[in-house]
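# Notes for the structure review
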Amino acid sequence: MSKKEEQPDRLKQFVSWVDGDREPKDRTLFVMEQRPHREFRPSEEEFERREKDRLRKFFNWYPIAAAVICVALGIILFTTVMNMPGFGQEDNPINNEVAERYLEHSEEETGSENVVTAMIIGYRGFDTLGESCVLFLAVSAVMILLLRDRKNTSEHELQQMEREETAVQGRSDLILKQVAWVLLPFIFLFAIYVLLNGETSPGGGFSGGTILGAGLILFSAAFGPGHTRVLMNQRRYSAVRTFGLLLYAVLYGVYIFIGANGLPNYLTGMILLIDLAVGLVVACTVYGFYALFSRGEI
């Protein structure tokens, strides 16, 4: 046999050896395969007995573990409270230069007349940005788990969803509709007022966004998801919440860059724009949770 004929045979043997098709010479390495298969699955009675024993042990130890955890947390909290400085003492951490600076220089350094808004959006703006990201990711996670569309829903389920939507619209609550017609303009108007006046009065993005999200929920509950999609469909919803988060990130990045380099801040109204961005994220979060948990779609 020539060398050219031996090479294909060796190549075939190597391929069969890699694929596991070749019969090994030493069968002692495969003794486990020759043993009879054992049935390890217990019977239903045995499985039920084991589950009862496991639950009995769990409930026997659960009150003890809960009591120990509660006592330990109580001791930690009580010790913390006992070691806190007394109210009104001069060396109290609340009476330091940080609070004084917030009260005296917040309008000058952040442009906000409201000290609370100055702290949330200005001094603690990076923390607020993190909270906005948490809200954004929370809705994204719920959408991954609960959102129903043509990619993960069969035609039969889609038709059933359409029939359910038609049935809901056909027996809508007349009283709820009439009340919504009266309340919704005032709710949306109040939400806009709170958003626009957050830098000068109590309010801002979180409270205004919550009011706006509550208005969207009332609109959807009163007039049905079909009419709500005209105002807020899935594509528009995703665009609004993404735009709000990106707007906040860009504006606060510019805000930090200007402050860190001692540059003059000519961007008047930045706190207002940040409040609006936070309000969009919060409103989309509130409405998104309601829509996804109630019907699995936006």
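Scope of this entry: the structure provided in the associated data block.

### Digging into the packing of helix 6 (residues 125–146) against helix 10 (residues 234–260)
- Contact pair helix 6 / helix 10: the axes reach a minimum separation of 10 Å and the direction vectors enclose 160°. Here helix 6 is positioned roughly antiparallel relative to helix 10, judged by the angle of their axes. By crossing handedness, the relation of helix 6 to helix 10 is classed as left-handed. Every residue of helix 10 that contacts helix 6 at Gly125, Phe126, Thr128, Leu129, Ser132, Cys133, Phe136, Val139, Ser140 and Met143 is listed here: Gln234, Tyr237, Arg241, Thr242, Leu245, Tyr248, Ala249 and Tyr252.
- Broken down by class, the residue content of the contact of helix 6 with helix 10 amounts to eleven nonpolar, six polar and one charged.

### Remarks on the packing of aromatic side chains
- On inspection of all chains with the given rule, the structure shows nine aromatic pairs.
- Taking the centre distance of 5.2 Å and the plane angle of 70° together, the rings of Trp181 and Phe223 count as edge-to-face. Taken together, the positions of Trp181 in helix 8 (residues 174–196) and Phe223 in helix 9 (residues 205–231) put the pair 42 residues apart, joining distant regions of the chain.
- Residue Phe223 is classed as buried on the basis of its relative accessible area of 11%.
- Chaining the aromatic ring pairs together yields one cluster made of Phe58, Phe59 and Tyr62.
- Positioned above the aromatic ring of Phe136, the side-chain terminus of Arg241 is 4.2 Å from the ring centre.

### With respect to the nonpolar core
- Membership of the largest hydrophobic core comes to 15 residues, with the highest contact counts inside it found for Leu245, Tyr248, Tyr252, Met270, Ile274 and Val278.
- Mapped onto this core, the elements with two or more residues apiece are helix 6, helix 10 and helix 11 (270–295).
- For this core, the leading source of residues is helix 11, giving seven residues.
- Setting aside residues up to four positions removed in sequence, Tyr248 forms contacts with Gly125, Thr128, Leu129, Ser132, Ile274, Ala277 and Val278.
- Val139, Met232, Cys284 and Ile298 belong to the second largest nonpolar core, which has twelve residues in total.

So, how was this worked out
Starting from 1, residues in each chain are numbered consecutively following that chain's sequence as written. With pLDDT at 70 or above as the cut-off, local features in this predicted model cover only qualifying residues; side-chain atom pairs require 80 or more to be listed or tallied, and sums for whole chains, interfaces and linings still use all residues. Side-chain numbers come from the whole structure's heavy atoms, not from hydrogens or water. All axes here are fitted lines through C-alpha atoms, helices being fitted over the stretch that makes contact, and every angle between N-to-C directions spans 0 to 180 degrees. The numbering of helices and of strands both runs from the N terminus, where a helix is a DSSP run of H or I of at least 4 residues and a strand a run of E of at least 2. In what follows, roughly perpendicular refers to angles from 65 to 115 degrees, roughly parallel to angles under 35, roughly antiparallel to angles over 145, and oblique to any angle outside these ranges. Note: crossing handedness is left-handed where the near helix turns anticlockwise from the far helix by less than a right angle, and right-handed where it turns clockwise. Whether two residues are in contact is decided by their heavy atoms: any pair within 4.5 Å suffices. Under the scheme applied here, ten amino acids are nonpolar (Ala, Val, Leu, Ile, Met, Phe, Trp, Tyr, Cys and Pro), four are charged (Asp, Glu, Lys and Arg), and all others, including Gly, are polar. A pair of aromatic rings is counted whenever rings of Phe, Tyr or Trp (Trp by its six-membered ring) have centres within 6.5 Å, and the orientation is called stacked for planes under 30 degrees apart, edge-to-face for over 60 and tilted otherwise. Under the scheme applied here, a residue whose accessible area is under 20% of the maximum for its type counts as buried, over 50% as exposed, and between as partly exposed, the area being computed with a 1.4 Å probe on protein chains only. For a Lys NZ or an Arg CZ to count as sitting over a ring, it must be within 6 Å of the ring centre and within 35 degrees of the ring normal. Put simply, buried Ala, Val, Leu, Ile, Met, Phe, Trp, Tyr and Cys residues joined by side-chain atoms within 4.5 Å make one nonpolar core.

Remember, this is a structural readout, not a statement about activity or role.
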